[in-house]
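# Observations on the three-dimensional arrangement
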Amino acid sequence: MYRSHNCGELRESHVGNEVILSGWVHRTRDKGFVAWVDLRDRYGITQLVFDEDRTSSELLERAKKLGREFVVQVNGTVIERASKNPKMPTGNIEVLVAGLQVLNESMTPPFTLEDETDGGEDLRMKYRYLDIRRNPVKNNLIFRSRVTMEVRKYLSDQGFIEVETPYLIKSTPEGARDFVVPSRMNEGQFYALPQSPQTFKQLLMVGGLDKYFQIVKCFRDEDLRADRQPEFTQIDCEMAFVEQEDILNAFEGLTKHVLKEVNGVEIEKFPRMTYDEAMKKYGNDKPDIRFGMEFGELNDVAQHKDFEVFNTADLIVGIAVPGANSHTRKEIDALVDWVRRPQIGAKGMVYVRCNDDGSYKSSVDRFYDQSDLAKWAEATGANPGDLICVLSGDAHKVRAQLSALRMEMATRLGLRKADEFAPLWVIDFPLLEWDADTGNYHAMHHPFTSPKPGQLELLETDPGAVRANAYDLVLNGNEIGGGSIRIHDREVQRTMFEHLGFSAEQAQAQFGFLMDAFQYGAPPHGGIAFGLDRLVAILGGQETIRDFIAFPKNNSGRDVMIDAPAPIDEAQLKELNLKLDIQS
């Protein structure tokens, strides 16, 4: 056998035992008459010792020739270390080696395989199989496995059935761009990779399975960023004979279970906030509620003077940054520059210092007196020692700008604590959004989301006012899950397609299979999908998902390790009845 124990399990209780270990050479230390080798596997590190007195000189010389990352097998006796290392679980023992076999030699790795490595991200992604040997990446993947196992355990215990749905499906015009796959056997026709298993899980409810889940790969051909990949993993769930309250209760339970079992954190309170309230208080629909800095709208108390910037603004809104009156003028000027960056897009920022004596000093003292500024402080909830930051302009844009500033200041002040978790349900989203480019409404979630009860008639008279029977679960300022109660009536679904600009023929061609299924006794149903990659990253104290994915793509959607995507040869193109016509 290759090993009797792993490299992380030997303790003083094993002293005197004969053992066999296998693993990678982590590092070596040569003192001439004695050599030590740290042997590493997934489970930990065990120190091996070779010396002239207790092992053969031939074995000692062979040990000295071992290179980093050689794969070796040793046998020997567990002995107590003379110089113990309390920082290592195996630090009280070492193995006196009697036999050594090199299973595979290794080239010198292109970067050091230590917790703190000298390898840049591009280099580590090219040699990802080496990067996985490092503890931070290895532990992230183990952590992801723990989260996934707890999800499966909870849902299975709650009576959910895991069902696999197809990866080769039909392209639909909703959502992001599809990845498409040519069909060799059906010339000129294409499959699409699923952006989600949405219609299939609804059909499973029509099929009577009642509770479904799947941990499933999904695909979207869209621009990338740190928390987005072209292929990602969802915890996809659906339930029959449920209302919104049933879904919220069920998946609060899942979130509580995972937080407790994985992070040791117990959370009882899941506040609820409407979409309109979230936008008004925080400027976005996924607010981080671990800290305050709620928006204060200032139109009523700032548009009565001769300051034209405010008088012509659609919205004037501010936040009180706690303790930030200590900022120097240089630091405040840097903040003004920060909001003016193209990524934020503000034209400038007005600020008010809230002094400890109760007085105020602002960048617009020429236009506003102490009484005015006191009203600003009241509207933003500012206290002595705070700094009020005020932006103005188009309401939609300025909310997004101030939201970005709020998050930036919270990060700088250390208010976004990785070990603190604050979940939040955001509910009552608009059902439809107007798209000026196409001249049509489009679904804010997807076209299968039902209106709130009693609002169906508004679709005919005021579509933009209709609220969706939809909900998002937000954790620490990130949307980790979203779903809705679905339409289960054929005529309601037909009406929805009409308002989204589908002709009857287009609706039948794209979604006829679903509408036909609704004629055979479709139950009321609803569901939710969690982004597993994002959930794992947040539970792991980070917001970048890439380090929790075994083989991620880079920001250009490329796998630099296997060099994909890549051209295919002429024979494959011919077999698929495809011809590339790339203009230079």
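Scoring rules and cut-offs
- Residues numbered from 1 in each chain as written.
- Predicted model: local features only at pLDDT ≥ 70, side-chain atom pairs only at ≥ 80, totals over all residues.
- Heavy atoms only, no water.
- Helix = DSSP H or I, 4+ residues; strand = E, 2+ residues; numbered from the N terminus.
- Buried < 20%, exposed > 50% of the residue type's maximum accessible area, 1.4 Å probe, protein only.
- Contact = heavy atoms within 4.5 Å.
- Areas by Shrake-Rupley, 256 points an atom, 1.4 Å probe, with all protein chains shown as cover.
- Lys, Arg positive; Asp, Glu negative; His and termini not counted.
- Charge placed at Lys NZ, Arg CZ, Asp CG, Glu CD.
- Pairing = 2+ DSSP bridges.
- Patch = residues over 30% accessible without salt bridge, like charges linked within 9 Å, V, L, I, M, F, W, Y side chains within 5 Å.
- Salt bridge = Lys/Arg side-chain N within 4 Å of Asp/Glu carboxyl O.
- Axes fitted to C-alpha atoms, helices over the stretch in contact; angles between N-to-C directions.
- Core = buried A, V, L, I, M, F, W, Y, C linked by side-chain atoms within 4.5 Å.
- 1 Å grid on protein atoms, 1.4 Å probe; cavity = no way out; pocket = protein on both sides within 12 Å on 5 of 7 lines; lining within 4 Å.
- Points joined across faces, edges and corners; volume = space filled by probe spheres on them.
- Nonpolar A, V, L, I, M, F, W, Y, C, P; charged D, E, K, R; others polar.
- Parallel < 35°, antiparallel > 145°, perpendicular 65-115°, else oblique.
- Left-handed = near helix turned anticlockwise from the far one by under 90°.
- Phe/Tyr/Trp six-rings, centres within 6.5 Å; stacked < 30°, edge-to-face > 60°.
- Lys NZ or Arg CZ within 6 Å of the ring centre and 35° of its normal.

### Remarks on the overall build of the protein chain
Of regular secondary structure, the protein chain possesses 17 helices and 22 strands. Referenced to the eigenvectors of the C-alpha coordinate spread, the extents of the protein chain come out at roughly 90 × 75 × 55 Å. Counting every position in the protein chain, which comprises 584 residues, the buried fraction comes to 48%. Pairs at least 24 apart in sequence give 66% of the contacts found in the protein chain among residues at least 6 apart. Surface accessibility of the protein chain: about 28,900 Å² in total, with carbon and sulfur atoms responsible for 49%. Of the side chains in the protein chain, 69 bear a positive and 91 a negative charge, and the two mean positions are spaced by 4 Å.

### Some points on the sheet that holds strand E9 (residues 211–219)
The strand order across the open sheet built from eight strands is E6-E9-E10-E22-E21-E20-E17-E11, with neighbouring strands paired in mixed fashion. Of all strands in the sheet, those with a lone pairing partner are strand E6 (161–162) and strand E11 (272–274), marking the two edges. Both E11 and strand E17 (residues 423–427) contribute to a ladder of three bridges, which runs parallel. Counted as the bridge partner of Met273 is Val426 from E17.

### Let's talk about a nonpolar patch on the surface
A cluster of nonpolar side chains, Tyr167, Leu168 and Tyr191, forms an exposed patch at the surface whose accessible area comes to about 270 Å². Within the secondary structure, Tyr191 is located in strand E8 (residues 190–192).

### What about the sheet that holds strand E14 (residues 350–354)?
Across the sheet, five strands lie side by side as E12-E13-E16-E14-E15; this open sheet has antiparallel pairing. Each edge of the sheet is formed by a strand with only one pairing partner; in this case those strands are strand E12 (296–297) and strand E15 (360–362). In terms of strand pairing, E12 meets strand E13 (residues 315–321) through two bridges, oriented antiparallel. By the bridge assignment, Glu297 is partnered in E13 with Val317. Along the sheet, helix H11 (residues 370–380) makes contact with E12, E13, E14, E15 and strand E16 (387–393), crossing E15 at roughly 95 degrees. In the packing of helix H12 (residues 395–412) onto the sheet, contacts are made with E12, E13 and E16, and the angle to E13 comes to roughly 10 degrees.

### With respect to the nonpolar core
Judged by nonpolar contacts, the single largest core of 41 residues is most densely connected at Val147, Leu155, Phe251, Trp425 and Leu539. Among the elements that take part in this core, helix H6 (residues 244–263) stands out by supplying eight residues, more than any other. If sequence neighbours within four positions are ignored, Leu155 has contacts with Phe160, Phe213, Ile235, Cys237, Phe251 and Leu254. By size, the runner-up hydrophobic cluster in this structure holds 27 residues, among which are Ile319, Val321, Val339 and Ala346.

### Considerations on the layout of surface pockets
The volume enclosed by the second largest pocket comes to roughly 400 Å³. Forming the walls of the second largest pocket are 16 residues, and the residues nearest its centre are Phe179, Pro230, Lys553, Gly557 and Pro565. Grouping the amino acids of the lining of the second largest pocket by side-chain chemistry returns seven nonpolar, two polar and seven charged.

### As for the pairing of E17
Of all five residues making up E17, five are buried, and the element is well covered by its neighbours. Side-chain alternation along E17 places Pro423, Trp425 and Ile427 on one buried face and Leu424 and Val426 on a second face that is also buried. Bridge count for E17 against strand E20 (residues 470–475) is five bridges, and the pairing is antiparallel. Bridged to Val426 within E20 is Asp472.

### Quick look at the packing of helix H14 (residues 490–499) against helix H15 (residues 504–517)
Two elements in contact, H14 and H15, have axes whose closest approach is 11 Å; the angle formed by their N-to-C orientations is 160 degrees. Taken together, the axes of H14 and H15 are roughly antiparallel relative to one another. Handedness of the H14/H15 crossing: right-handed. On H15, the residues touching Arg490, Gln493, Arg494 and Phe497 of H14 are Ala507, Gln508, Phe511, Met515 and Asp516.

### As for unusual backbone geometry
Both trends apply: most residues other than glycine have a negative phi, and most peptide bonds are in trans. In the segment running from Ala564 into Pro565, the intervening peptide bond is cis, with an omega of 5 degrees. In this fold, Pro565 is placed in the loop between helix H16 (532–539) and helix H17 (570–575). If you check the backbone angles, Asp428 has positive phi at about 60 degrees while not being a glycine. Residue position: Asp428 is located in the loop between E17 and strand E18 (432–435). A positive phi angle is found at Asp563, which is not glycine, with a value near 60 degrees. Its location among the elements puts Asp563 in the loop between H16 and H17. Taking relative accessible area as the criterion, Asp563 reaches 48% and is therefore assigned partly exposed.

### Observations regarding the pairing of E13
Most of E13 sits out of view: seven of its seven residues are buried. Where E13 and E16 come together, seven bridges link them in antiparallel fashion. Bridged to Leu315 within E16 is Gly393.

### Regarding the packing of aromatic side chains
Remark: the centre distance and the inter-plane angle together describe each pair of aromatic rings, the angle taken between the planes. A full pass over the atoms with the stated rule returns 19 aromatic pairs. Plain terms: the ring middles of Tyr127 and Tyr129 are 6.2 Å apart, the flat faces sit at 75 degrees to each other, and that makes the pair edge-to-face. Classification of Tyr127 as partly exposed rests on a relative accessible area of 25%. Seen in terms of ring centroids, Phe307 and Phe367 are 5.0 Å apart; in terms of plane orientation they differ by 40 degrees. Their pairing is tilted. Linking Phe307 in the loop between helix H8 (299–302) and helix H9 (308–311) with Phe367 in the loop between E15 and H11, this pair joins segments that are 60 residues apart in sequence. Looking at Phe307, the relative accessible area reads 12%, which means it is buried. An aromatic cluster of at least three residues, connected via ring pairs, comprises Phe307, Phe310, Phe367, Tyr368 and Trp376. Across the ring face of Tyr127, the terminal group of Lys126 is positioned such that the distance to the ring centre comes to 6.0 Å.

### Looking at empty space enclosed by the protein
Taken as a whole, this structure holds two cavities of 30 Å³ or more when the rule is applied. Together, Val151, Ile235, Leu254, Thr255, Val258, Leu259, Ile480, Phe530, Leu535 and Leu539 line the largest cavity. Elements with a contribution of two residues or more to the lining of the largest cavity: H6 and H16. The element best represented in the lining of the largest cavity is H6, accounting for four residues. When the residues that make up the lining of the largest cavity are grouped by side-chain class, the tally is nine nonpolar, one polar and no charged.

### Let's talk about the pattern of salt bridges
Between side chains of opposite charge, a pair can form when the charged atoms approach closely. As enumerated under the stated definition, the model contains 42 salt bridges in all. Asp131 serves as the salt-bridge partner of Arg128, at 3.1 Å between the closest nitrogen and oxygen. One end of the pair, Arg128, and the other, Asp131, are both in helix H3 (residues 128–131), three residues apart, so they sit about a helical turn from each other. Residue classification places Arg128 among the buried positions, given a relative accessible area of 3%. Since its relative accessible area comes to 0%, Asp131 is described here as buried. Note that Asp288 and Arg416 form a salt bridge whose closest N and O atoms lie 3.4 Å from each other. Highlighted residues: Asp288 in the loop between helix H7 (275–282) and E12 and Arg416 in the loop between H12 and E17, separated in sequence by 128 residues.

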